[in-house]
Each structure stands twice: as C-alpha cells, then as structure tokens.
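Structure at a glance
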Amino acid sequence: MEAKSIFQRLLKGEAVPFSDPDYSLIGDACNHTRELLVQLNNESNLGNIRSLLSKITNSEIVETTTIFPPFQINYGKNTKIGKNVFINFDCTFLDLGGISIEDNVMLAPKVSLLSEGHPISAKVRSTLTTGKIHIKQNAWIGANATILQDVTIGENAVVAAGAVVSKDVPDNTVVGGIPAKILRKLDE
C-alpha cells in the first residue's frame, strides 16, 4: 500500500506535528501558490483572475464566479468553488483541511475561511490540525466573519458581519456574534 502524502493526510483530518519529516513540503507548496497569488493580486481582468485561481485550485473557476483581489490562499489545491460565487476584497483561505463552496455563495470583504489550526495544549501546539469547511448553496457570509475548521454553513444561511463561527450553521438561519449563535430563522 502506497504511503499517503502529507497533503492527503491533512485533508483526511490527521494532525501533523511540525517535526514530521514531510512538513517542509507544505512550505514549498505554499510558496508556489504565493507566486501565482502575486500575479492574481496584480491583475485587473476578471478572466485572467479566474484563470490564475483555476491554476491555484487545480480546478476550473467558471465565468459566473467573481473574485476581487487582493485575495490570500495558502495552498489552494483543497479548495473547490462552485458556480455564481462572489468573493469580495481581502478574503483569506487556509485550505489544507479542505474548503468547499457551493453555487450562489457570497463572501463579503475580509471573510476568513480557516480549515487549519493548532491544539490548545502547549505541549502539542506545534502540530497542524485540520477540518473541512463546507459552505452550502445560497449562503451569505458577512464582512470580516471567520469560519473555523470542521464547520458547515447551511443552505440559504447568513453569517453576520464580524461573527466567529466554530459550530455548524443550520439551513435557513442567521447567525452572529463571538462565538456565533443563531439569531433567527429565515422564512424561505
């Protein structure tokens, strides 16, 4: 049986200590992504921006998806973006744990999708932990909101500006606050 790459291990949720012999591969891959991001963040043509983001994510970014630079992503290959998605200025994605954005999702300025973190215990803090982020169709994430690892944002859900989301958000709800809590149900 073939050994899994460090990227496959992280995508499956395996915690990886900084001392792992393959850990330097993460930095190498992120540096390659940064080279493409320099181009993307200096581009004004939306078609060229989509093309560069397609190279970063290793998947097609369709014409109905819009992204306004500047944009930050550390790895890119674990991000999947649907159709008719809008990503506003200054969004940040840490995607080693996996980020999936379905169709018709809107991300306001300065949204952070962080599928990575570290243990709280100081003894093992030098370990990278991951968990998938899934944003279902028609969700709207407000300005400066942060979505943490292992979170699903439900269909038609709204995350209020400035919220920090550490738990799943049900379909058709509005959440807000730190930590985010359900504020109300939507009549849809």
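Scroll up to find the structure.
Described in the following lines is the structure provided in the data block. (Residues numbered from 1 in each chain as written. Predicted model: local features only at pLDDT ≥ 70, side-chain atom pairs only at ≥ 80, totals over all residues. Heavy atoms only, no water.)

This brings us to the overall build of the protein. Across its full length, the protein carries three helices and 19 strands. The C-alpha radius of gyration of the protein comes to 17 Å, within 12% of the 16 Å expected for a compact globule of 188 residues. Overall, the C-alpha framework of the protein stretches about 50 × 40 × 30 Å when taken along its three principal axes. Looking at the protein as a whole, 44% of its 188 residues are labelled buried. Long-range pairs, those at least 24 residues apart, make up 26% of the contacts in the protein with a sequence separation of at least 6. Charge centroids of the protein, computed over 18 positive and 20 negative side chains, lie 5 Å from each other. (Helix = DSSP H or I, 4+ residues; strand = E, 2+ residues; numbered from the N terminus. Rg over C-alpha atoms; globule rule 2.2 N^0.38 Å. Buried < 20%, exposed > 50% of the residue type's maximum accessible area, 1.4 Å probe, protein only. Contact = heavy atoms within 4.5 Å. Lys, Arg positive; Asp, Glu negative; His and termini not counted. Charge placed at Lys NZ, Arg CZ, Asp CG, Glu CD.)

Attention shifts here to the sheet that holds strand β10 (residues 116–117). The sheet built from three strands is open, its strands ordered β1-β11-β10 with antiparallel pairing. Of all the strands in the sheet, the pair left with one neighbour each is β1 (16–17) and β10. Relative to strand β11 (residues 127–130), β10 runs antiparallel, the two being bridged by two bridges. In the strand pairing of β11, glycine 117 is matched with threonine 129. (Pairing = 2+ DSSP bridges.)

Any two side chains of opposite charge can pair, on the condition that their charged atoms come close. The tally for this structure, following the rule as stated, stands at three salt bridges. Here arginine 9 ties to glutamate 14 by a salt bridge, and the two come within 2.9 Å at their closest N and O atoms. We classify arginine 9 as buried; its relative accessible area is 13%. Exposure remark for glutamate 14: the relative accessible area of 36% places this residue in the partly exposed category. (Salt bridge = Lys/Arg side-chain N within 4 Å of Asp/Glu carboxyl O.)

All right, on to the sheet that holds strand β3 (residues 71–73) then. Strand order in the open sheet made by the five strands is β3-β6-β9-β14-β17, with parallel pairing throughout. If you trace the sheet from one side to the other, it starts and ends with β3 and β17 (164–165), each paired once. Of the strand pairs in this sheet, strand β14 (residues 146–148) and β17 are connected by two bridges, and their pairing is parallel. Residue pairing for β17: isoleucine 147 is matched across the bridge by valine 165.

Glycine aside, the phi torsion of most residues is negative, and most peptide linkages are trans. Between proline 69 and proline 70 the backbone carries a cis peptide bond, its omega angle lying at 5 degrees. The residue after isoleucine 178, namely proline 179, is reached through a cis peptide bond having omega -10 degrees. You will see that asparagine 104, though not glycine, has its phi angle at about 65 degrees, which is positive. On the accessibility criterion, asparagine 104 (30% relative accessible area) is partly exposed. Its identity as a non-glycine residue notwithstanding, lysine 110 has a phi of 65 degrees, on the positive side.

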